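Structural description and commentary
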Amino acid sequence: MTTPRIGQPVRGSTTGRPLMVALDLLGRRTALRVLWELRGDPLTFRALQDACETNTRLLNTRLTELREAGLVEHAEGGYRLTDEGRRLSKALKPLADWAEKWGDGKR
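Sequence order as written defines residue numbering, which begins from 1 separately in each chain. Per-residue local features of the predicted model are confined to residues with pLDDT of at least 70, and side-chain atom pairs are confined, for both listing and counting, to 80 or more; whole-chain, interface and lining totals are unaffected and use all residues. Side-chain numbers come from the whole structure's heavy atoms, not from hydrogens or water.

1. With respect to a nonpolar patch on the surface
- Together, Leu95, Trp98 and Trp102 make up a nonpolar patch on the protein surface, roughly 380 Å² of accessible area in all.
- Under the DSSP-based scheme used, a helix requires at least four consecutive residues in state H or I and a strand at least two consecutive residues in state E, with every element numbered from the N terminus. Looking at the secondary structure, you find tryptophan 102 in helix α5 (residues 83-104).
- Relative accessibility thresholds used throughout: buried, under 20% of the residue-type maximum; exposed, over 50%; partly exposed, between the two (1.4 Å probe, protein chains only). We classify tryptophan 102 as partly exposed; its relative accessible area is 48%. Every patch collects residues that have over 30% relative accessible area and no salt bridge, joining them within 9 Å if they carry like charges and within 5 Å if they are nonpolar side chains (Val, Leu, Ile, Met, Phe, Trp, Tyr). Note on areas: Shrake-Rupley with a 1.4 Å probe; residue coverage comes only from the protein chains shown. Basic side-chain nitrogens of Lys or Arg form a salt bridge, by our definition, when they fall within 4 Å of a carboxyl oxygen of Asp or Glu.

Here you go:
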């Protein structure tokens, strides 16, 4: 699977509109988990792998995609969110809040 790109067909969309590209990328297995685990201090590959409870191959694939999308970078100390990755985290906060309220009504 290749990294989703704006303007190119992605899962669920032939137009490649930015929202659909973002949803395709974030909907891939462990992508959101990687972003979640990188919300704090940088993590080494091994620490991130342990935190995500995933295998080397899948983590390498997701990191490649998230780096190509400009959301994650490798720097001193390990992997971390870029400025764009932090903006995404802030943008997802209202969705997380909604999901918590929605989930409370389902219990």
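What follows continues from the structure just given.
2. Points about α5
- By this rule, a helix spans an expected 1.5 Å times one less than how many residues it contains. Between the first and last C-alpha of α5 there are 32 Å, a value that for 22 residues agrees with the 32 Å anticipated at 1.5 Å per step.
- Every buried residue belonging to α5 is among Gly85, Leu88 and Gly103, and all of these are buried.
- Contacts: residue pairs with any heavy atoms within 4.5 Å of one another. In this fold, the buried residues of α5 make contact with α1 (18-26), α2 (31-37) and β2 (78-81).

3. Some words on the packing of aromatic side chains
- Any two of the Phe, Tyr and Trp rings considered here, Trp counted by its six-membered ring, make a pair once their centres fall within 6.5 Å; the pair's planes then place it as stacked at under 30 degrees, edge-to-face at over 60, or tilted in between. Taken as a whole and judged by the stated rule, the model has one aromatic pair.
- An angle of 15° between the planes, with centres 5.4 Å apart, marks the rings of tryptophan 98 and tryptophan 102 as stacked. Linking tryptophan 98 with tryptophan 102, this pair stays in helix α5, spanning four residues, or about one helical turn.
- Counted as over-ring charges are cases with an Arg CZ or a Lys NZ within 6 Å of the ring centre that also lie within 35 degrees of the ring normal. The ring of tryptophan 36 has arginine 39 lying over it, and the distance from NZ or CZ to the ring centre is 3.9 Å.

4. A closer look at helix α4 (residues 56-68)
- The first and last C-alpha atoms of α4 sit 18 Å apart over 13 residues, in line with the 18 Å expected at 1.5 Å per residue.
- Within α4, burial applies to Leu58, Leu59, Arg62, Leu63, Glu65 and Leu66. The arc enclosing the buried residues of α4, seen along the axis, measures out at 165°, which places them on a common side.
- Capping the start of α4 is the job of one residue whose side-chain oxygen sits 3.2 Å from the backbone nitrogen of arginine 57: asparagine 55.
- Glycine 70, located one to two residues past α4, shows a positive phi value of around 80°. Relevant arc is that of directions from the helix axis to the C-beta atoms, nothing else. Polar contact is defined as a pair of N or O atoms within 3.5 Å, subject to the rule that within protein one atom must be able to donate a hydrogen and the other to accept it, and that residues adjacent in sequence are counted only when both atoms are side-chain atoms.

5. Focus on the layout of surface pockets
- Think of a 1 Å grid over the protein atoms and nothing else: a 1.4 Å probe that fits but is trapped marks a cavity, an open set flanked by protein within 12 Å on at least five of seven lines marks a pocket, and residues with an atom within 4 Å of a point count as lining. Grid points are joined across faces, edges and corners, and a volume is the space filled by probe spheres set on the points. Taken as a whole, the largest pocket spans an internal volume of roughly 350 Å³.
- In this structure, the largest pocket is lined by 16 residues; those nearest its centre are Ala22, Ala69, Leu71, Glu84 and Leu88.
- Of all the secondary structure elements, the ones that give two or more residues to the lining of the largest pocket are α1 and α5.
- Here the lining of the largest pocket takes five residues from α1, the largest share from any one element.
- Considered as a void within the structure, the second largest pocket measures approximately 290 Å³ in volume.

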